[in-house]
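Summary of the model geometry
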Amino acid sequence: MKNINAKRKNSSEKELHLIIAKKMTTAAWLLNDYSNDFWLVKAANNEILKIDFDMTMPDGKLHSHFSHHHRMESIKRATFDARGFGNEKIDGYAQYSIARDLMLLSYWSALNHIMHFSDFGDETAADFIRASSYGIEFLTGSLDRVEATMKKIVENGRKLSDYKRSGIGAAAGLNTSWMTKFLHTNRYVDACIAADQVVERPEPEKQQLSVSAVNRRVASIERLWEIDGKENDTLPSSAFSDELYGLAKAVSKVNGHTKSIPVDVAFHLVRNAIEWVSSIGPVLLDFEEKARAGLALGSYQFGKFSEKLKEEFFSRPEIQKLPREIFVFMRDGYEVLNVRGPCFTHLAAACYVIIVTFTARRKQEVLKLREGAVSGNEIDGWWLHSIIEKTLQREDSTPCSDLVVKAVKLLERMSKVEERDGSDKCIFHFPLVSGEGIRKFSVDTSLRKFPYVTVSPQEAEVYNSWSFSSHQFRRLFAILFVWRYEGDLGALSYHLRHFNLKMTLKYVLDDELNKMLGEEFHSLTVSKMQAIANETIAPAGILGKALARAIEKMRREIVLFDENDLEQKIERYIDDKGLRLKATPWGYCGASGRPSNIRRAACQKESNMSRKLSEDGSPDETGSDESTCARCFFHLTDQSREAHWREYGNRMEDSLNGTNLSPRMREHISARARVIKIFVQNSFGKSEVV
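Parameters at a glance
The residue count restarts for each chain, going from 1 along the sequence in the order it is written. Predicted model: local features are reported for residues with pLDDT of at least 70 only, side-chain atom pairs are reported and counted for 80 or more only, and whole-chain, interface and lining totals are derived from all residues. Working from all heavy atoms in the structure, the side-chain values ignore hydrogens and water. A helix here means a DSSP run of H or I that spans at least four residues, while a strand means a run of E at least two residues long, and both kinds are numbered starting from the N terminus. Axis angles are defined between N-to-C directions and span 0 to 180 degrees, where every axis is a line fitted to C-alpha atoms and, for a helix, only to the segment in contact. The labels follow the angle: roughly parallel below 35 degrees, roughly antiparallel above 145, roughly perpendicular from 65 to 115, and oblique for the rest. What makes a crossing left-handed is the near helix being turned counterclockwise from the far one by less than a right angle; a clockwise turn instead makes it right-handed. When checking whether two residues touch, look at their non-hydrogen atoms; a contact exists if any pair is within 4.5 Å. Three categories are distinguished: nonpolar for Ala, Val, Leu, Ile, Met, Phe, Trp, Tyr, Cys and Pro, charged for Asp, Glu, Lys and Arg, and polar for the others, with Gly belonging to the last. Under the convention used throughout, the expected extent of a helix is 1.5 Å for every residue step, that is, one less than its residue count. A simple rule labels every residue: compare its accessible area, found with a 1.4 Å probe on the protein chains alone, to the largest value its type can have, and call it buried under 20%, exposed over 50%, or partly exposed in between. The directions considered for the arc run from the helix axis to the C-beta atoms. Working definition: a ring pair exists when centres of Phe, Tyr or Trp rings (six-membered ring for Trp) sit within 6.5 Å. Plane angles under 30 degrees give stacked, over 60 give edge-to-face, the rest tilted. Think of it as a cone above the ring: NZ of Lys or CZ of Arg counts as a charge over the ring if it is within 6 Å of the ring centre and within 35 degrees of the ring normal. Only buried residues count toward a nonpolar core, which is a set of Ala, Val, Leu, Ile, Met, Phe, Trp, Tyr and Cys residues joined through side-chain atoms within 4.5 Å. Strand pairing is assigned whenever DSSP detects at least two bridges linking the two strands. Think of a patch as exposed residues, more than 30% relative accessible area, with no salt bridge, where like charges cluster within 9 Å and nonpolar side chains (Val, Leu, Ile, Met, Phe, Trp, Tyr) cluster within 5 Å. A 1.4 Å probe and the Shrake-Rupley method give the accessible areas. Residues count as covered only by the protein chains that appear here. Just to be clear on terms, a salt bridge is a Lys or Arg side-chain nitrogen sitting within 4 Å of an Asp or Glu carboxyl oxygen. A residue counts as positive if it is Lys or Arg and as negative if it is Asp or Glu; His and the chain ends are not included. Charged side chains are reduced to one point each, which is NZ for Lys, CZ for Arg, CG for Asp and CD for Glu. What pLDDT conveys is the predictor's confidence in a given residue, as a value from 0 to 100.

**Re the environment of T79**
The residue T79 is located in helix α2 (residues 69-84) in this model. Through-space distance from the C-alpha of T79 to that of A99 is 5.8 Å; in sequence the pair is 20 residues apart.

**Section: the packing of helix α6 (residues 142-155) against helix α8 (residues 183-195)**
In the contact formed by α6 and α8, the axes pass within 9 Å of each other and the chain directions differ by 20°. As summarised for this structure, α6 and α8 are arranged roughly parallel, according to the angle between their axes. The two elements α6 and α8 cross, and the hand of that crossing is right-handed. Here α6 contributes S142, L143, V146, E147 and M150 to the contact with α8, which in turn contributes H184, T185, Y188, V189 and C192. Looking at side-chain class alone, the contact of α6 with α8 contains 6 nonpolar, 3 polar and 1 charged residues.

**So, helix α28 (residues 663-684)**
The end-to-end C-alpha distance of α28, which contains 22 residues, comes to 31 Å, matching closely the 32 Å that a straight helix rising 1.5 Å per residue would cover. If you check which residues of α28 are buried, you get I669, A673, I676, F679, V680, S683 and F684. Projected onto a plane normal to the axis of α28, the buried residues spread over an arc of 130° and lie on a single side. Residues P663, R664, E667, R674, I678 and N682 are exposed on α28 and point more than 90 degrees away from its buried face. Phi for G685, located one or two positions after α28, is positive at around 100°.

**Some details on the packing of aromatic side chains**
Counting across every chain of the model gives 17 aromatic pairs. Summarising the aromatic geometry, the rings of F313 and F314 are spaced 5.2 Å apart at their centres and angled 80° between planes, so their arrangement reads as edge-to-face. Summarising the burial analysis for this pair, F313 and F314 share the class buried. Taking the centre distance of 4.4 Å and the plane angle of 40° together, the rings of W645 and F679 count as tilted. Pair noted here: W645 is in helix α27 (residues 642-656) and F679 is in helix α28, with a separation of 34 residues, a long-range link. Like W645, the residue F679 is buried in the burial classification. Among the aromatic residues, those joined into a ring-pair cluster are W29, Y34, W39, F53 and F80. Against the face of F521 rests R580, its NZ or CZ located 3.9 Å from the ring centre.

**Looking at the nonpolar core**
W276 and F327 are the most contacted members of the largest nonpolar core, which totals 96 residues. In terms of residues, this core owes the most to one element, helix α11 (residues 263-294), which gives 15 residues. Setting aside chain neighbours within four positions, we find F327 in contact with W276, L284, F313, F314, I319, L322, V336, L337, N338 and P342. Judged by nonpolar contacts, the second largest core, of 56 residues, contains W39, I51, I136 and L224.

**Section: the sheet that holds strand β10 (residues 582-584)**
Taken in spatial order, the 3 strands line up as β10-β11-β12 in an open sheet, and their pairing is antiparallel. Among the strands making up the open sheet, the edge pair consists of β10 and β12 (635-636). The pairing of strand β11 (residues 587-589) with β12 spans 2 bridges and is classified as antiparallel. Bridge assignment links Y588 to a residue of β12, and that residue is L636.

**Let's talk about a negative patch on the surface**
There is a patch of like negative charges on the surface, built from E567, E571, D575 and D576. Along the chain, E567 turns up in helix α24 (residues 563-577). Here E567 falls in the partly exposed class, since its relative accessible area comes to 36%.

**Re the confidence of the model for the protein**
If pLDDT is low for a region, its predicted coordinates should not be looked at in detail. For the protein, per-residue confidence averages 78 on the pLDDT scale, and residues scoring 70 or more make up 77% of the total. Scored below 50 in pLDDT, residues 1-14 makes 1 contact in the model with residues more than four places away or belonging to other chains. In the predicted structure, residues 16-22 sits below a pLDDT of 50 and forms 10 contacts with residues beyond four places in sequence or in another chain.

**Structural notes on the packing of α27 against α28**
Where α27 meets α28, the axes come as close as 9 Å, and the angle between the chain directions of the two elements is 150°. Considering the angle they form, α27 stands roughly antiparallel to α28. Pair α27 / α28 crosses with left-handed handedness. Side by side, α27 and α28 meet where E642, W645, R646, Y648, G649, M652, E653, S655 and L656 of the first sit next to R666, I669, S670, R672, A673, I676, F679, V680 and F684 of the second. Looking at the contact of α27 with α28 residue by residue, the class counts come to 10 nonpolar, 3 polar and 5 charged.

**A closer look at α27**
Across its 15 residues, α27 extends 22 Å between first and last C-alpha, which sits within 8% of the 21 Å expected from 1.5 Å per residue. Taken as a whole, α27 has its buried residues at W645, R646, Y648, G649, M652, E653 and L656. End-on, the buried residues of α27 take up no more than an arc of 160°, which puts them together on one face. Seen from the open side of α27, the exposed residues pointing more than 90 degrees away from its buried face are A643 and D654. Tucked into the core, α27 has its buried residues touching α26 (626-630), β12 and α28.

**Topic: the pairing of strand β4 (residues 334-337)**
Here 4 bridges tie strand β3 (residues 328-331) to β4, and the two strands are oriented antiparallel to one another. Residue pairing in the sheet places R331 in a bridge with Y334 of β4. Linkage of β3 to β4, two consecutive antiparallel strands, is achieved through a turn of 2 residues, within which D332 is found at a positive phi near 55°.

**Brief notes about the pairing of strand β6 (residues 381-388)**
Sheet analysis places strand β5 (residues 374-377) next to β6, joined by 4 bridges and oriented antiparallel. Following the sheet pairing, N377 is matched in β6 by G381. Once β5 ends, the chain turns through 3 residues before running back antiparallel as β6.

**Concerning the pattern of salt bridges**
If you walk through the whole model with that rule in mind, you get 24 salt bridges. Here K310 ties to E335 by a salt bridge, and the two come within 3.6 Å at their closest N and O atoms. Of this pair, K310 sits in helix α12 (residues 299-313) while E335 sits in strand β4, and the two are 25 residues apart along the sequence. What makes K310 buried here is its relative accessible area of 9%. Since its relative accessible area comes to 24%, E335 is described here as partly exposed. Through salt bridges that share partners, D144, E147, K151 and R201 make up one connected network.

Structure representation (structure tokens):
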């Protein structure tokens, strides 16, 4: 009886909501008229978002055209109702996301000749969910559409080189606001324009979205089922069921976490961001300010001024190593200097990468940084002050490096926060040339462009297989923390030497970052064991020899040998043993925080007065040194650290040759030197230490 009454109550409440919804077209969060084809909605911190419903459809017509208008109006109704009843859980960003998902549904419907939502059959919604699981590029069929469009252009005797990418996209019926997400499509169009012909089309591997991403899309289309069917074009009840959530889970990728950026790609990106922040950025801003000051001159004087400024700009050594086309555009046959655009896209992107990577803060926590976000000095250290949204939900401070300070100061200079009136002091909001209004930094768009502006064609190949998104950048901190001693990091290692990643980790460690760190430690361990198996490294140290023997035993146990079988056995071995390699400047430590490991670790013996433990209870390498690790059961090294070991041995011998050593100190250093000499000889061949 209670259940029946509850159902009646829910039913009557829904009917009441529907009656109110017919009349509701105004709300405090809607800043313009409901009937407009675009809405301005209020988001957090009084930020204003634009939701443009009038997109380009597959047939080239606008969404507001009479053939599509009924779907657009239903989407507006569903978007309004999501927040119209004072739903505090739905803010401006969530509302924007709902509208975008529903517009994707409308676009896909038109693409598949389904002109009304009410025409959806039992399987239609399920087909949309399956298509959604592979992302917007697959859902819209963008590669097929641009290929067909470019073939028509060529067949009509016109040159592809006369077109811009955006023009071809629009002619193909692709919504231009989505074009930044079409990674493979954009590269294909650019290749065709460069070749001035339709080249062979790539067939990219489908990348499945996470379960949560597809579930969000299911929840969005569910709103079309909830709105009043008498007033709107709505989904029939047969097109929606709880089974769609099960389908979303079935067709999404199993591991829903953010995919890890490949280590070489991550290091390339961070190294380039460092160069822009430390050397290129200050020069750019100097010239941007000079160019802005020159606008006060008359047109004739400004022409002469700009030519002189351009000549001076390209004479700077920091600029000469970059492609010239980044900073110029053509107008009436003349080359015009443009430093403002690169400042607010590439330089802002570099600053964002540096801040989010070296502080491990989240996207919105960084984008909401305000004037005065850093404080401190070089002696006592620097601190970044930001809102911690997911856990503390208040402002907190994180230790940061001088590189982060430079990035924040550049953003403060770009955003002109000290000149802006009102409460908007966000350093990622940049003033327009006119001085009226601001331009907000677009993270995803800028991150897709920035990686390519400072790389050689060879380095560009590293990026071509990877699509950057803001969700991946917090993971960069985990990658740097775990992999920072791998390979020759060049300029990156210089900055990392002066940055205490461990101190920052104490302030930002949470379940999410802890999981990322665990995944990266696992990846490093698998990578190192596979390298031993493939004989690309020669393992040294007691643990190194033990792992080599374990791998050889695995090979003998596999009857029909296959490399995939070996890889699976390596994975199982790592999981069974709980093995986690931690990189140090002189090798790798395989000791965990288990009591048995702590008892056996050389650096944890009572004789070692400097012994330390990490946050997870495992040995901390800062409480050890080379001579201690050289005789430890858990130590592994390889030829990538050979130069370090030989140099360390030579320094020990130089110390012994000094004349100011006490007998006790000489005896102590001599014992350590013997350990190093034997280790180097056994690990890397005849010792060069004399």
